[in-house]
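Chains, contacts and geometry: an overview
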Amino acid sequence: MSGHSKWSTIKRKKGALDAKRNKIFTKLIREITIAAKIGGGDIESNPRLRVAVNKAKVANMPKDNIEKAIKKGIGGNEGVEYFEITYEAYAPYGVALMIKCLTDNKNRTSSDVKSVLAKGGGSLGTPGSVSYMFYRKGLIVYNLEKYLEDEIMEFALEVGAEDILVSNNEAEVITSPDDFDKVLSFLKTKFKEEVAEIALIPENKIFLNKEQAEKIILLVEKLEDFDDVQEVIHNLEIPEELS
């Protein structure tokens, strides 16, 4: 979703967040509802719901919207059944894409994704052809215009973070999935994060020039324009002039 790290373009710029706020809220509400339906409405005992609600708070979603989405989830889905699908795909220049979807119509979503990929010079991959390039980690992102890199690093490592990556004026705290809640809870007492989630992190990144990178970003944004597409994760290193 948006507000973000460089691997999920919908989170990449605050301007994009503002321009797409309604669409982002729609995606967040759907995720909260599904999380509550699957694991119950208690945020403390439902890790997926806890992450979804935190995303909504970072995106400044009103509290009432969050509560309504949770109630809708625990109250049933009113006849609509959603399916989780992740498409593995390639963009031009060998950039890997993981396209995470929540849909009530698999055929529609598949058709939309294939169409956008084809028009943008990409293609679907076979299961397993892309996923091995990513690993699952806790990701917490801070804006270095607000906080000092050394302070974030000191506190994050003290509480058990695995790594801190710095680029494009962002500090990205990486944790194991199991330590994510502990690290986030501690850092919340010191800083306000831009993003906090269990994310797919690329093992290796692809570096392209500005023109090539813009082509990939446009393709990702077109995919994320669909309501069914919750998030597109990629292994492109966003050039600093585009971040």
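Residues numbered from 1 in each chain as written. Predicted model: local features only at pLDDT ≥ 70, side-chain atom pairs only at ≥ 80, totals over all residues. Heavy atoms only, no water.

A few points about a negative patch on the surface
Together, Glu149, Asp150, Glu151, Glu154 and Glu158 make up a negatively charged patch on the protein surface. By the element assignment, Glu158 lies in helix H6 (residues 149–159). (Patch = residues over 30% accessible without salt bridge, like charges linked within 9 Å, V, L, I, M, F, W, Y side chains within 5 Å. Areas by Shrake-Rupley, 256 points an atom, 1.4 Å probe, with all protein chains shown as cover. Salt bridge = Lys/Arg side-chain N within 4 Å of Asp/Glu carboxyl O. Lys, Arg positive; Asp, Glu negative; His and termini not counted. Charge placed at Lys NZ, Arg CZ, Asp CG, Glu CD. Helix = DSSP H or I, 4+ residues; strand = E, 2+ residues; numbered from the N terminus.)

Focus on the pattern of salt bridges
Throughout the structure, instances matching the rule amount to 13 salt bridges. Between Asp228 and Arg30 there is a salt bridge whose closest N-O contact spans 3.3 Å. Of this pair, Asp228 sits in the loop between helix H8 (210–224) and strand S9 (229–234) while Arg30 sits in helix H2 (residues 21–39), and the two are 198 residues apart along the sequence. For the residue pair Asp228 and Arg30, the accessibility class agrees, reading buried in each case. Here Glu197 ties to Lys55 by a salt bridge, and the two come within 3.2 Å at their closest N and O atoms. In this pair, Glu197 is assigned in strand S7 (residues 195–202) and Lys55 in helix H3 (residues 47–58), connecting sequence segments 142 residues apart. Its relative accessible area of 2% is what places Glu197 among the buried residues. In the salt-bridge network here, residues are joined through shared partners; they are Arg30, Asp104, Arg108 and Asp228. (Buried < 20%, exposed > 50% of the residue type's maximum accessible area, 1.4 Å probe, protein only.)

Overview of the sheet that holds strand S1 (residues 83–90)
Spatially, four strands are ordered S3-S1-S2-S9 in an open sheet, and the strand pairing comes out antiparallel. Each having just a single partner strand, strand S3 (123–124) and S9 make up the two edges of the open sheet. Pairing of S1 with strand S2 (residues 96–103), which is carried by eight bridges, proceeds in the antiparallel orientation. Along S2, the bridge assignment pairs Ala89 with Leu97. (Pairing = 2+ DSSP bridges.)

A look at the environment of Ile34
By the secondary structure assignment, Ile34 is in helix H2. The spatial distance from the C-alpha of Ile34 to the C-alpha of Glu81 is 9.5 Å, given a sequence separation of 47 residues. Each residue touching Ile34, except ones within four places of it in the same chain, is listed here: Arg48, Tyr82 and Leu102. (Contact = heavy atoms within 4.5 Å.)

A short note on the nonpolar core
Membership of the largest hydrophobic core comes to 23 residues, with the highest contact counts inside it found for Leu97, Ile99, Leu117, Leu223 and Leu236. Of all the secondary structure elements, the ones that give two or more residues to this core are S1, S2, helix H5 (106–119), H8 and S9. It is H8 that contributes the most residues to this core, six residues altogether. If you look at the next biggest cluster of nonpolar residues, it comprises 19 residues, including Ile152, Ala171, Phe180 and Leu187. (Core = buried A, V, L, I, M, F, W, Y, C linked by side-chain atoms within 4.5 Å.)

Regarding the side chain of Asn54
Locating Asn54 in the fold gives a position in helix H3. Apart from residues no more than four positions distant in its own chain, Asn54 is found in contact with Leu184, Lys188, Glu193 and Ala196.

What about the packing of aromatic side chains?
Applying the stated criterion across every chain, the model contains five aromatic pairs. A ring pair is formed by Tyr142 and Phe191, whose centres lie 5.6 Å apart and whose planes are at 65°; its orientation type is edge-to-face. Taken together, the positions of Tyr142 in strand S4 (residues 134–143) and Phe191 in the loop between helix H7 (180–188) and S7 put the pair 49 residues apart, joining distant regions of the chain. Assigned by exposure class, Tyr142 and Phe191 land together as buried. Ring-pair connections join several aromatic residues into one group, and the members of that group are Tyr142, Tyr147, Phe155, Phe186 and Phe191. (Phe/Tyr/Trp six-rings, centres within 6.5 Å; stacked < 30°, edge-to-face > 60°.)

Digging into the confidence of the model for the chain
Looking at the chain, the pLDDT average stands at 87 and 90% of residues meet or exceed 70. Note on residues 1–6: pLDDT under 50 across the span, and 37 contacts to partners over four residues away in sequence or across chains. Contacts for the low-pLDDT stretch residues 9–14, under 50 throughout, to residues beyond four places or in other chains number 32 contacts. (pLDDT = per-residue confidence, 0-100.)

Regarding the side chain of Thr33
Mapped onto the elements, Thr33 comes out in helix H2. Owing to a relative accessible area of 11%, Thr33 belongs among the buried residues under this scheme. A polar contact of 2.8 Å, which involves the side chain of Thr33, links it to the backbone oxygen of Ile29. (Polar contact = N/O pair within 3.5 Å; in protein donor to acceptor, adjacent residues only side chain to side chain.)

Quick look at the environment of Asp112
Along the chain, Asp112 falls in helix H5. The partly exposed category is assigned to Asp112, whose relative accessible area is 23%. Distance in space between the C-alpha atoms of Asp112 and Phe226 is 8.0 Å, their sequence separation being 114 residues.

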